[in-house]
Amino acid sequence: MLIGAHVSVSGGYPKTLEYARSVDAECIQIFAKSPRQWRGAVLDPDAAASFVEARAEMGGMPLFTHTAYLINLAAADDAMWEKSVYALSDEITRGHLLGADGVVTHLGSNPSEDIGLTAKRIAEGVVAAFELCGECTARLLLENTAGAGATYGGSAVELGAVVRASGLNSDILGVCIDTCHAHAAGIDVSGSAGWTDLLDAIDSECGEGRVGLIHANDCKFGLGEHKDRHEWIGDGFIGAAGFSAMMAQDRLASTCAVLEMPGEIPDKDSVNIARLKVLREQNRS
Ligand SMILES: [Zn+2]
Ligand SMILES: [Zn+2]
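Everything numeric here is computed off the predicted structure, so don't read it as measured data.

Participant: Please set out the overall build of the protein chain residue by residue, giving values where relevant.
Facilitator: What the protein chain contains, in helices and strands, is nine helices and 10 strands. The C-alpha atoms of the protein chain give 18 Å as radius of gyration, which agrees with the globular expectation for 285 residues (19 Å, within 12%). Dimensions along the principal axes, computed over C-alpha positions, put the protein chain at roughly 50 × 45 × 30 Å. Counting over 285 residues, the protein chain shows a buried share of 48%.

Participant: How would you summarise the nonpolar core if you had to cite specific residues and measurements?
Facilitator: Counting residues in hydrophobic clusters, the biggest one holds 81 residues, and the most contacted among them are Ile-28, Ile-122, Val-162, Val-175 and Val-258. The residues contacting Ile-28, other than those within four sequence positions of it, are Gly-4, Ala-5, Val-7, Thr-16, Ala-20, Met-61, Leu-63 and Val-258.

Participant: Describe the environment of Pro-262, with residues and values.
Facilitator: Relative to the assigned elements, Pro-262 resides in the loop between strand S10 (256-259) and helix H9 (268-282). For Pro-262, a count of 12 C-beta atoms within 10 Å corresponds to the exposed category. As a C-alpha pair, Pro-262 and Glu-143 span 119 residues in sequence and 18 Å in three-dimensional space.

Participant: Could you give an account of helix H2 (residues 45-57), naming the residues involved and the relevant values?
Facilitator: For H2, with 13 residues, the first-to-last C-alpha span of 18 Å sits near the 18 Å given by 1.5 Å per residue. Of the residues trailing H2, Gly-59 is marked for its positive phi of about 95 degrees.

Participant: Explain helix H7 (residues 192-206) to me, and be specific about the residues and the numbers.
Facilitator: Over its 15 residues, H7 runs 21 Å from end to end, which matches the ideal 21 Å to within 8%, given 1.5 Å per residue. Among the residues of H7, those classed as buried are Trp-195, Leu-198, Ile-202 and Cys-206. Viewed along the axis of H7, the buried residues span an arc of 65 degrees, placing them on a single side of the element. Facing away from the buried surface of H7 by more than 90 degrees, the exposed residues are Ala-193, Asp-200 and Ser-204.

Participant: For the packing of helix H1 (residues 13-22) against H2, give the residues involved together with the corresponding values.
Facilitator: Two numbers describe how H1 lies on H2: the axes approach to 9 Å, and their chain directions differ by 20 degrees. What the angle tells us is that H1 and H2 run roughly parallel. The hand of the H1/H2 crossing is right-handed. On the side of H1, the interface is formed by Tyr-13, Pro-14 and Leu-17, while H2 contributes Ala-47, Phe-51, Ala-54 and Arg-55. The residue inventory of the contact of H1 with H2, partitioned by class, reads six nonpolar, no polar and one charged.

Participant: Give me the pairing of strand S1 (residues 2-6): which residues, what numbers.
Facilitator: Inspection of the sheet shows S1 paired to S10 by four bridges, in the parallel sense. When the bridges of S10 are listed, Gly-4 appears paired with Val-258. Summarising the sheet, S1 and strand S2 (residues 28-31) pair through two bridges and their orientation is parallel. Bridging from a neighbouring strand, Ala-5 pairs with Ile-28 of S2.

Participant: So what about the sheet that holds S1? Which residues, and what values?
Facilitator: Strand order around the closed barrel formed by eight strands is S1-S2-S3-S4-S5-S6-S7-S10, with parallel pairing between neighbours. Along the sheet, successive strands turn relative to each other by an average axial angle of 30 degrees, direction set aside. One ladder, built from four bridges, connects strand S5 (residues 140-143) with strand S6 (residues 173-178); its direction is parallel. Bridging across to S6, Glu-143 finds its partner in Cys-176.

Participant: Give me the lowdown on unusual backbone geometry, citing residues and values where you can.
Facilitator: Residues other than glycine predominantly adopt negative phi, and peptide bonds predominantly adopt the trans conformation. One non-glycine residue, Asp-24, lies in the positive phi region at around 60 degrees. Turning to its location among the elements, Asp-24 is positioned in the loop between H1 and S2. The class of Asp-24 is partly exposed, set by 14 C-beta atoms lying within 10 Å.

Participant: Describe the environment of Ala-182, and please don't skip the residues or the numbers.
Facilitator: With respect to the helices, strands and loops of the structure, Ala-182 is situated in helix H6 (residues 179-184). In this structure, the C-alpha to C-alpha distance between Ala-182 and Thr-145, residues 37 residues apart in sequence, is 6.9 Å.

Participant: Give me the pairing of strand S3 (residues 63-66): which residues, what numbers.
Facilitator: Because side chains alternate across S3, one face comprises the buried residues Leu-63 and Thr-65, and the other comprises Phe-64 and His-66, equally buried. In this fold, S2 hands off to H2, which returns the chain to S3; that crossover is right-handed. With three bridges joining them, S3 and strand S4 (residues 102-105) adopt parallel strand pairing. When the bridges of S4 are listed, Phe-64 appears paired with Gly-102.

The rules behind the values
- Residues numbered from 1 in each chain as written.
- Chains lettered and ligands numbered in written order.
- Predicted model: local features only at pLDDT ≥ 70, side-chain atom pairs only at ≥ 80, totals over all residues.
- Helix = DSSP H or I, 4+ residues; strand = E, 2+ residues; numbered from the N terminus.
- Rg over C-alpha atoms; globule rule 2.2 N^0.38 Å.
- Buried ≥ 20, exposed ≤ 12 C-beta atoms within 10 Å, placed from the backbone.
- Core = buried A, V, L, I, M, F, W, Y, C linked by C-beta atoms within 7 Å.
- Contact = placed C-beta atoms within 7 Å.
- Expected span 1.5 Å × (residues − 1).
- Arc of directions from axis to C-beta.
- Axes fitted to C-alpha atoms, helices over the stretch in contact; angles between N-to-C directions.
- Parallel < 35°, antiparallel > 145°, perpendicular 65-115°, else oblique.
- Left-handed = near helix turned anticlockwise from the far one by under 90°.
- Nonpolar A, V, L, I, M, F, W, Y, C, P; charged D, E, K, R; others polar.
- Pairing = 2+ DSSP bridges.
- Right-handed = clockwise from strand over helix to strand, strands pointing away.

The structure is reproduced here in structure tokens:
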């Protein structure tokens, strides 16, 4: 498993890679545009191309992008759904131009209890977004949620329903497991049995080979509390034992993991990357 972090692009793309190197990241996630706005500045193709080149020169560090939080592919409202499809298409295009190994998105929310209907609506949005962006080769990764309120995607069953309804193969569509969200949604990833159950459930609901990325975040609140508050690795309810169990999963051996640590404390990434690397090392022997 390669270990990295979500990195700010506010200083421009070259700075992103410098920062990644300074905290010993082996892979990175970025926002391809502002995550709290519908529209972003047009992505300069030259800037994108030189970023791809710089990354290749550094040994091709895997890159993931994360879509805007406003996107709601589950929206009951047609205008919101359509706006979300266009926004997702734009994000996939950006991921493609940046050479991303995956584009992570949240699915949105819908008050309906009918998983099948909501899954169909989301899947139609995903398929339409790919159609709009034409020849994109970026792989879209559907992220699990903490299962709060009407948000969609808190379980392997919900993610799997979208994957199946889309009919898209695993080269183009996968899933991203956020460990904090899983724990908050009631999936106990603080030990080995919970990890086996979770990966079995994803394999059977979504199909094998669908896990494209891990968001490695410890959880400030307890199992099933539906509270999405990230904690430093080992300091939360998942704990070092949970992340050690994650490192021991053969099925995740070639999957990347990125941290999404809150705050601006300079060592939040270097310290947490080091903590995960210690656990990875222990599971190698
Ligand atoms: Zn996310
Ligand atoms: Zn979160």
